[in-house]
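Per-entry structural report
This is what each chain is made of:
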Amino acid sequence: SDEIRFIPMPAIKVFHQCSLRWYSTGCVPAQFLQSRQVNLVKPHKVMDSRIHVKDLRPISVMSIWWRIFSAAWAKDEQTRNWTQRHLHEQVSHGKNALGCEALMDILQDRFANSQDGCITSLDWSQAFDSMRPMVTTQAMQRINFAPQFATLLQKVWTQQVRFIQYEGHTHDKVLQAG
């Protein structure tokens with residue numbers, strides 16, 4: 001994403017104007033619904049120069065414009081206000097927050113020699129593989145977490161179109177959500 005710094009300022013301003021319209025109307029450009037799915041090979045799963053589809057690791061690559069849009073939303077004043085009101089002060093989030101690895105290091109150090117507690121974790125390795133978009137966005141709306149953005153996410157997640165690629169080749173049929 002280093003190429004973002006070369007986008008001319010007038011283009012950024014037009015994109016901002018478009019973004020405000022999308023946000024207020026709940027419309028999503030078709031390009032935001034499209035993603036490219038590349039499939040990474042798990043080398044230890046290759047047998048006799050073959051690999052089963054279930055042994056590939058799918059990675060979805062969305063438009064750089066979607067990444068700009070969603071990053072801007074995440075830094076928006078409305079989002080910051082919501083997190084200040086609803087997230088406990090001990091929840092690590094936002095700018096300058098420690099990442100999960102750094103937080104686990106701290107917890108591990110505190111509990112390593114303790115008789116008073118334990119550390120448990122959930123395996124989130126496939127959390128997004130089984131996510132139900134309607135349930136997720138309805139939950140976001142129910143807790144009043146940026147309802148307009150939840151509406152946009154719902155469209156992006158439920159109307160998504162994926163172009164499947166493997167070793168530089170794109171399948172001639174696209175996958176559609178739903």
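Sequence order as written defines the numbering, with residues in each chain counted from 1. Under the rules for a predicted model, residues below a pLDDT of 70 receive no local features and side-chain atom pairs below 80 are neither given nor counted, while totals for whole chains, interfaces and linings still include all residues. To obtain the side-chain values, all non-hydrogen atoms of the structure were included, while hydrogens and water were left out.

The next point concerns the environment of Ile119. With respect to the helices and strands, Ile119 occurs in the loop between α5 (100-111) and α6 (133-142). With a relative accessible area of 30%, Ile119 lands in the partly exposed category. In sequence terms Ile119 and Arg36 are 83 residues apart; their C-alpha atoms lie 37 Å from each other. Working rule for contacts: check all heavy atoms of both residues, and any pair within 4.5 Å makes them a contact. The residues touching Ile119, leaving out its near neighbours within four places in the chain, are Met104, Leu107, Gln108 and Phe111. Strands here mean DSSP runs of E at least two residues long; helices mean DSSP runs of H or I at least four residues long; both are numbered from the N terminus. Exposure classes here rest on a 1.4 Å probe applied to the protein chains alone. A residue is buried below 20% of its type maximum, exposed above 50%, and partly exposed in between.

Angles run from 0 to 180 degrees between N-to-C directions of axes, and those axes are lines fitted to C-alpha atoms, restricted for helices to the stretch in contact. Contact geometry for helix α3 (residues 64-74) and helix α7 (residues 147-158): axes closest at 12 Å, N-to-C directions at 155°. With respect to their mutual orientation, α3 and α7 come out roughly antiparallel. The crossing of α3 and α7 is left-handed. In this structure, α3 contributes Trp66, Phe69, Ser70 and Trp73 to the contact, and α7 contributes Phe149, Leu152, Leu153 and Val156. Note on residue classes: Ala, Val, Leu, Ile, Met, Phe, Trp, Tyr, Cys and Pro are nonpolar, Asp, Glu, Lys and Arg are charged, and everything else, Gly too, is polar. A breakdown of the residues in the contact of α3 with α7 according to their chemical character gives seven nonpolar, one polar and no charged. Our angle categories are set so that under 35 degrees counts as roughly parallel, over 145 as roughly antiparallel, 65 to 115 as roughly perpendicular, and the remainder as oblique. Definitions for this section: a left-handed crossing has its near helix turned counterclockwise from the far helix by less than a right angle. A right-handed crossing has that turn clockwise.

This part covers the pairing of strand β3 (residues 161-166). Both faces of the sheet carry side chains from a regular strand, because those side chains alternate between them. Strand pairing is assigned whenever DSSP identifies at least 2 bridges connecting the two strands. Where strand β1 (residues 34-41) lies against β3, five bridges are found, and the strand directions are parallel. By the bridge assignment, Gln37 is partnered in β3 with Ile164. Sheet topology places β3 next to strand β5 (residues 175-176); two bridges connect them, and they run antiparallel. When the sheet's bridge partners are listed, Arg162 is paired in β5 with Leu175.

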